[in-house]
Amino acid sequence: MENQHKSERKAPLQHLAIIMDGNGRWAKKRSLPRISGHQQGVQAVVQTVDECIKVGIRYLSLFAFSSENWGRPQKEVDALMELLLQFLSSQRQRMLDGGIRLRVIGDRSRLSESVCAAIAVAEAETATGETLTMILALSYGGRDEILRAAKQLAGQAIRGEIDLQEIDNKKFSTYLDTAEIPEPDLLIRTSGERRISNFLLWQTAYAEFYFSEVFWPDFDAAELHKALADYQQRKRRFGLTDDQLDSDIDPQL
Ligand code: IPE
Ligand code: IPE
Ligand code: MG
């Protein structure tokens, strides 16, 4: 039944990306410290992961900490890093039991040794998970990612290790942190903000966008299903015409 339903979908959703925003405002509304909002946000992450597995989503990207978030008060940055360490240890068994493969994207050179070590362990331990790949964007910025990729490529070109004629979109993507991960089909941002804030700039070229009004800690299965239902109504054209898309012939993208 489930499979039949899936094959009827116009736009199968393989990869969901989320900008989890509004933790601070959630806390402020309740006269709580911002960190309480982040703590509550972890519950929303756990619920969302479970629901994504239920509906058969294969890749879930979560924007957890941006390159620009390093500029926040040190106390908040430290608390977020601590929360991440707690998350990795508290979710370890869940990830292993649930077939969740963790992959962290972003500039690790700015992360502390203990955070880097915990990430490396979690990635290694969950590497064979086949149910859901959870991509955690940490110390991540889309521009920074593209720059790091371009620098790496330039280095190889200078050393004569790569022929510039070989570089096309597909090849360039392999230099990004998201190498081998399909591009997001749907990007959700919570808290009513309508901007990309430097998330997955390259990868969201043809993603569908959905903006949820709720603050991230209040995001739940019902809210996720609203976004998924909305996505099902979309028609993705990838620059082509309706006639081309409606024909059985696969257009050369
Ligand atoms: C998102 O919530 C989490 C992070 C950026 C780490 P915010 O902390 O940005 O919450 P608001 O936007 O201030 O409400
Ligand atoms: C984006 O949220 C980053 C994360 C959700 C981790 P921000 O709260 O940092 O974005 P801006 O500052 O509102 O654009
Ligand atoms: Mg915010």
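Above this text sits the structure in question.
Quick summary incoming for the structure in this document. (Residues numbered from 1 in each chain as written. Chains lettered and ligands numbered in written order. Predicted model: local features only at pLDDT ≥ 70, side-chain atom pairs only at ≥ 80, totals over all residues. Heavy atoms only, no water.)

A separate point is the site of ligand 1. Close to ligand 1 lie Met-20, Asp-21, Gly-22, Asn-23, Gly-24, Arg-25, Arg-34, His-38, Ala-64, Asn-69, Arg-72 and Leu-80. Gly-22 places a main-chain nitrogen or oxygen 3.4 Å from an oxygen atom of ligand 1. With respect to ligand 1, the backbone of Arg-25 contributes an N or O atom lying 2.7 Å from an oxygen atom. Within the complex, the protein chains bury 87% of what would otherwise be the 380 Å² of accessible surface of ligand 1. Each residue belonging to the shell around ligand 1 can be placed in one class, and the counts come to 3 nonpolar, 5 polar and 4 charged. (Near = heavy atom within 4 Å. Polar contact = N/O pair within 3.5 Å; in protein donor to acceptor, adjacent residues only side chain to side chain. Areas by Shrake-Rupley, 256 points an atom, 1.4 Å probe, with all protein chains shown as cover. Nonpolar A, V, L, I, M, F, W, Y, C, P; charged D, E, K, R; others polar.)

Before going further, it helps to spend a moment on the side chain of Arg-189. As for its placement among the helices and strands, Arg-189 is situated in strand S5 (residues 186-189). At a separation of 2.8 Å, a polar atom in the side chain of Arg-189 contacts the side chain of Ser-197. Setting aside residues no more than four positions away along its own chain, Arg-189 makes contact with Ile-19, Asp-21, Arg-195, Ile-196, Ser-197, Tyr-210, Phe-211 and Ser-212. (Helix = DSSP H or I, 4+ residues; strand = E, 2+ residues; numbered from the N terminus. Contact = heavy atoms within 4.5 Å.)

Below, the discussion takes up the side chain of Glu-145. Note that Glu-145 resides in helix H7 (residues 142-158). One buried charge, Glu-145, has no salt-bridge partner; the nearest side chain with opposite charge is Arg-148, at 5.8 Å. There is a polar contact of 3.0 Å between the side chain of Glu-145 and the backbone nitrogen of Asp-177. Contacts of Glu-145, omitting those with residues within four sequence positions, involve Tyr-140, Leu-176, Asp-177, Thr-178 and Gln-203. (Buried < 20%, exposed > 50% of the residue type's maximum accessible area, 1.4 Å probe, protein only. Lys, Arg positive; Asp, Glu negative; His and termini not counted. Salt bridge = Lys/Arg side-chain N within 4 Å of Asp/Glu carboxyl O.)

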